[in-house]
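Structural characterization, general
Residue-level listing of the chains:
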Amino acid sequence: LVEKVSEAVPEAAELARIEARQLAFVEGLTRYADQRSRQAMWALRELGLDPQGMLDNAEREARGGPFEALFGKDEIDPRFERLGLSLSRMATLEATLEGVPQIRPTDVAAANSSYGYRRDPFTGRAAMHRGLDFPGAMGSPIYATARGTVTFVGRRGGYGNVVEISHGQGLLTRYAHMSRFEAKVGDRVEAGAVIGAIGSTGRSTGPHLHFEVRVNGTAVNPRTFLELAPDVLKKARRSPGPQRTDSADNAEGVAGV
């Protein structure tokens, strides 16, 4: 194209070369964004999540306003629009990764009661346990496991004192049996922020944290995130390019019981 323009209108040759460089840059940036999106989707699948479903959730979030086209009809090469869509998809997926539970909610190294069926400590009957229990000293700090917004602070029946954090795209973490709160509804928190302290409120036999992860309201096994997320996210955050041969450090997992 540059050669044809140069032959037909020599004065426009430099403009044609500039446009060609711009389009090459746009196409390269689009490929980069698409590759980053693929890495993020791989990471979410490794953690048992549905990346397409999370993208759909993001699309359904309330939004609106008058339509004002950024460019008039026929004023922009479709490759620019494709770039915009790719960058938006990448941003949504990478923001979702930031909300994945990825650090321990306490300094306790192990959980003493796993997710799944167990013997109820009060009745002795088989019951479903929808989280992990971390025993600890009364008043020990409890940490947000990922970036998010505090959506509930208060009492919830047998859970006792509870903090809930929404991480976007249907992800929620719940921290129960607290002795005190260090967060309020509406707070934006980062992974590692202190949100409360271990206690024994509600249906509890002693000081501990009951920790849950919920996806679209359904409880899932938190152990998957606490054991796998640090390594998976480290790999996903690497810039696209030649595969590196060094392996990511394995994060210390939650000990089985």
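These numbers were taken from a predicted model, which means no experiment stands behind them.

**Re helix α4 (residues 78-98)**
- The first and last C-alpha atoms of α4 sit 31 Å apart over 21 residues, in line with the 30 Å expected at 1.5 Å per residue.
- Of all the positions in α4, only L83, S86, M90, L93, T96 and L97 are classed as buried. Angular distribution of buried residues about the axis of α4 spans 155°; they occupy a single face of the element. Of the exposed residues in α4, those oriented more than 90 degrees away from the buried face are E81 and L85.

**Overview of the environment of R82**
- By the secondary structure assignment, R82 is in helix α4.
- As a C-alpha pair, R82 and V26 span 56 residues in sequence and 9.1 Å in three-dimensional space.
- Setting aside residues no more than four positions away along its own chain, R82 makes contact with T30 and D34.
- A polar contact is formed between the side chain of R82 and the side chain of D34, at a distance of 2.7 Å.

**Let's talk about the pairing of strand β5 (residues 148-155)**
- For β5 and strand β9 (residues 188-189), the ladder comprises two bridges, and the chain directions are antiparallel. For T149, the partnering residue across the bridge sits in β9 and is R188.
- Bridging between β5 and strand β6 (residues 161-168) involves six bridges; their strand directions are antiparallel. Within β6, the position partnered with V150 by the bridge is I165.
- Counting the residues between successive antiparallel strands, the hairpin from β5 to β6 contains five residues, one of them, G157, with a positive phi of roughly 45°.

**Considerations on the sheet that holds strand β10 (residues 194-197)**
- Judged by pairing direction, the sheet is antiparallel, and its three strands sit side by side in the order β4-β10-β8 without closing on themselves. Every interior strand has two partners, whereas the edge strands, β4 (141-143) and β8 (180-181), have only one.

**Observations concerning the confidence of the model for the chain**
- Chain-level statistics for the chain give a pLDDT mean of 80 and a share of 72% at 70 or above.
- The lowest-confidence element of the chain is helix α1 (residues 2-8), averaging 53 in pLDDT; the highest-confidence one is β10, averaging 98.
- In this model residues 241-257 is a low-confidence stretch, pLDDT under 50, and it forms 33 contacts with partners more than four residues away in sequence or in other chains.

**Examining helix α5 (residues 222-236)**
- Over its 15 residues, α5 runs 20 Å from end to end, which matches the ideal 21 Å to within 8%, given 1.5 Å per residue.
- At A229, α5 shows its strongest bend, of approximately 50°, with the proline P230 following within four residues.
- Among the residues of α5, P222, R223, F225, L226, A229, D231, V232, L233 and A236 are the ones counted as buried.
- One side-chain oxygen of the residue at the start of α5 lies 3.0 Å from the amide nitrogen of R223, identifying that residue as N221.

**Side note on the side chain of D133**
- Secondary-structure assignment places D133 in strand β3 (residues 132-135).
- Residue D133 is classed as buried on the basis of its relative accessible area of 7%.

**Notes on the packing of aromatic side chains**
- This structure, assessed with the given rule, holds one aromatic pair.
- Centre to centre, the rings of Y175 and F211 are 5.3 Å apart; their planes meet at 45°, and the pair counts as tilted. Within this pair, whereas Y175 is found in strand β7 (residues 171-176), its partner F211 is found in strand β11 (residues 208-215), the two being separated by 36 residues in sequence.
- On the accessibility criterion, F211 (0% relative accessible area) is buried.
- Of note, R156 hangs over the ring of F152, and the distance from its end group to the ring centre comes to 3.9 Å.
- It is R174 that lies over the ring of Y159; its NZ or CZ is 4.7 Å from the centre.

Analysis parameters
Residues numbered from 1 in each chain as written. Predicted model: local features only at pLDDT ≥ 70, side-chain atom pairs only at ≥ 80, totals over all residues. Heavy atoms only, no water. Helix = DSSP H or I, 4+ residues; strand = E, 2+ residues; numbered from the N terminus. Expected span 1.5 Å × (residues − 1). Buried < 20%, exposed > 50% of the residue type's maximum accessible area, 1.4 Å probe, protein only. Arc of directions from axis to C-beta. Contact = heavy atoms within 4.5 Å. Polar contact = N/O pair within 3.5 Å; in protein donor to acceptor, adjacent residues only side chain to side chain. Pairing = 2+ DSSP bridges. pLDDT = per-residue confidence, 0-100. Bend = angle between axes of the 7 residues up to and from the residue. Phe/Tyr/Trp six-rings, centres within 6.5 Å; stacked < 30°, edge-to-face > 60°. Lys NZ or Arg CZ within 6 Å of the ring centre and 35° of its normal.

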